[in-house]
Amino acid sequence: MLIWALSLLLNHRHVLKKVQQELDDQIGKNRRVTESDLNNLPYLYAVVKETLRLYPASPLSGLREFSEDTTVGNYKIPKGTWLILNSWKLQRDPRVWQENPSKFMPERFLKAHKKLDVKGQSFELLPFGAGRRICPGMNFGLQMMHLVLASLLQSFEVSTVADEAVDMTESAGLTNLKATPLDVLVAPRLASRLY
Ligand code: HEM
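Small disclaimer: the values here were computed from a predicted structure and weren't measured.

Criteria and cut-off values
Residues numbered from 1 in each chain as written. Predicted model: local features only at pLDDT ≥ 70, side-chain atom pairs only at ≥ 80, totals over all residues. Heavy atoms only, no water. 1 Å grid on protein atoms, 1.4 Å probe; cavity = no way out; pocket = protein on both sides within 12 Å on 5 of 7 lines; lining within 4 Å. Points joined across faces, edges and corners; volume = space filled by probe spheres on them. Nonpolar A, V, L, I, M, F, W, Y, C, P; charged D, E, K, R; others polar. Donors = N, O, S within 2.8 Å, 3.2 Å for Na, K, Ca; no water. Helix = DSSP H or I, 4+ residues; strand = E, 2+ residues; numbered from the N terminus. Axes fitted to C-alpha atoms, helices over the stretch in contact; angles between N-to-C directions. Parallel < 35°, antiparallel > 145°, perpendicular 65-115°, else oblique. Left-handed = near helix turned anticlockwise from the far one by under 90°. Contact = heavy atoms within 4.5 Å. Near = heavy atom within 4 Å. Polar contact = N/O pair within 3.5 Å; in protein donor to acceptor, adjacent residues only side chain to side chain. Expected span 1.5 Å × (residues − 1). Buried < 20%, exposed > 50% of the residue type's maximum accessible area, 1.4 Å probe, protein only. Arc of directions from axis to C-beta. Salt bridge = Lys/Arg side-chain N within 4 Å of Asp/Glu carboxyl O. Lys, Arg positive; Asp, Glu negative; His and termini not counted. UniProt positions renumbered as here; feature names shortened; annotations may be inferred.

Student: Could you give an account of the layout of surface pockets, with specific residues and numbers?
Tutor: Each pocket or cavity is described by its volume, and for the largest pocket that value is around 320 Å³. What lines the largest pocket is a set of 18 residues, and nearest its centre among them are Ser-61, Gly-62, Arg-64, Gly-129 and Ala-130. The residue inventory of the lining of the largest pocket, partitioned by class, reads ten nonpolar, six polar and two charged. Looking at the second largest pocket, its volume works out to about 210 Å³.

Right, dumping it as structure tokens:
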């Protein structure tokens, strides 16, 4: 997830600058970001949500089995049928994400989709699944993503070799990995005593 987030930010430098500006405004450059700062970083949260929307770690959800005959929409589903949810497709569905569904736009989570969260309550956005078998590592995973991304972007300027665009090709598989490795150049952006 971190690699997708960094890749998206490197291809959208204005978003990268906005995340770093938020970090500078909220924390400043005289100390390192800590876990207790995270609640004051709404733009960073929007970036993480938008990354999980476009590049869910598990594009096809865990398997479910219908425990009784039922009807969903106009479809009759017999007991025992297996269900696999395509969250990758759902999370780019133009009927839900009307404004440029495939575009990286964290602002959508501060405006039109402000109320959507990633914790299994908003069925348009299910990067951790939902229900009884929802990812048990969700809160830990989210907290780590926010903290690691915040620390990295506060501490370092990041760029690509020769300012090339990052290749966003995805690999086929149960987990959504980048097809090509990400090379990042880093340079310190804080005083040396803080490292
Ligand atoms: C950003 C990080 C993570 C993402 C996006 C993620 C995503 C997912 C997804 C989509 C599922 C399937 C849920 C379902 O079928 O409804 C899942 C299941 C699971 N995850 Fe995660 N996960 C993350 C981090 C973690 C971490 C840090 C741990 C452990 C420390 C963890 C442990 C598990 C386990 C054990 C399951 C299987 C749960 C079950 O079948 O009952 N995950 N995860």
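Having put the structure on the table, let's press on.
Student: Which residues make up the coordination of the iron atom of the ligand, and what are the values?
Tutor: In this structure the iron atom of the ligand is ligated by exactly one protein donor, Cys-135 (SG), at 2.2 Å. Note on placement: Cys-135 falls in the loop between helix H4 (87–90) and helix H5 (138–155).

Student: If you had to explain the packing of helix H3 (residues 42–54) against H5 to someone new, which residues and values would you point to?
Tutor: In the contact formed by H3 and H5, the axes pass within 10 Å of each other and the chain directions differ by 120°. The orientation of H3 with respect to H5, classified from their angle, is oblique. H3 and H5 meet at a crossing whose hand is right-handed. Taking contact as the criterion, the partners of Leu-44, Tyr-45, Val-47, Val-48 and Leu-52 in H3 are, on H5, Leu-142, Met-145, His-146, Leu-149 and Ala-150. When grouped by side-chain class, the residues that make up the contact of H3 with H5 number nine nonpolar, one polar and no charged.

Student: Go over the site of the ligand with me, naming the residues and quoting the values.
Tutor: Surveying the vicinity of the ligand reveals 15 residues, the closest of which are Arg-64, Pro-127, Gly-129, Arg-133 and Cys-135. Contact between the ligand and Ala-130: an oxygen atom at 3.3 Å from a main-chain N or O atom of the residue. Separating an oxygen atom of the ligand from a side-chain N or O atom of Arg-133 is a distance of 2.5 Å.

Student: Could you give an account of unusual backbone geometry, with specific residues and numbers?
Tutor: The backbone phi angle of Ala-162 is positive, close to 55°, even though this residue is not glycine. Counting through the fold element by element, Ala-162 comes out in the loop between strand S5 (156–159) and strand S6 (185–188). In this model, Asp-163 sits at a positive phi of 55°, which is unusual for a non-glycine residue.

Student: Please provide a residue-by-residue account of helix H2 (residues 13–26), values included.
Tutor: Compared with an ideal rise of 1.5 Å per residue, which puts 14 residues at 20 Å, H2 spans 20 Å between its outermost C-alpha atoms and is within 8% of the ideal. The set of residues buried in H2 consists of Val-15, Leu-16, Val-19, Gln-20, Glu-22 and Leu-23. Viewed along the axis of H2, the buried residues span an arc of 150°, placing them on a single side of the element. The exposed residues of H2 that point more than 90 degrees off its buried face are His-14 and Asp-25. Taken together, the buried residues of H2 touch helix H1 (2–11), H3, H5 and S5.

Student: Go over the pattern of salt bridges, please, and point to the residues and values.
Tutor: Scanning the model with the defined rule gives nine salt bridges in all. Asp-93 is paired through a salt bridge with Arg-95; the nearest N and O atoms lie 2.9 Å apart. Accessibility expressed as a relative area gives 69% for Arg-95, which makes it exposed. In the salt-bridge network here, residues are joined through shared partners; they are Lys-17, Asp-24, Glu-157 and Arg-189.

Student: Residues and numbers for the side chain of Lys-49, please.
Tutor: With respect to the helices and strands, Lys-49 occurs in helix H3. Although Lys-49 is buried, it makes no salt bridge; Asp-117 carries the closest opposite charge, 6.7 Å away. Not counting the four nearest positions on each side in its chain, Lys-49 is found in contact with Phe-109, Lys-114, Leu-116, Asp-117 and Val-118.

Student: Go over H1, please, and point to the residues and values.
Tutor: Counting buried positions along H1 gives seven out of ten residues, so the element sits mostly inside the fold. For H1, the full list of buried residues reads Trp-4, Ala-5, Leu-6, Ser-7, Leu-8, Leu-9 and Leu-10. In this fold, the buried residues of H1 make contact with H2, H3, H5 and S5.

Student: Help me get a handle on the UniProt feature "binding site: heme" (unreviewed entry) in the chain, residues and values and all.
Tutor: According to UniProt, the positions carrying the feature "binding site: heme" (unreviewed entry) are Cys-135. With a relative accessible area of 29%, Cys-135 lands in the partly exposed category.

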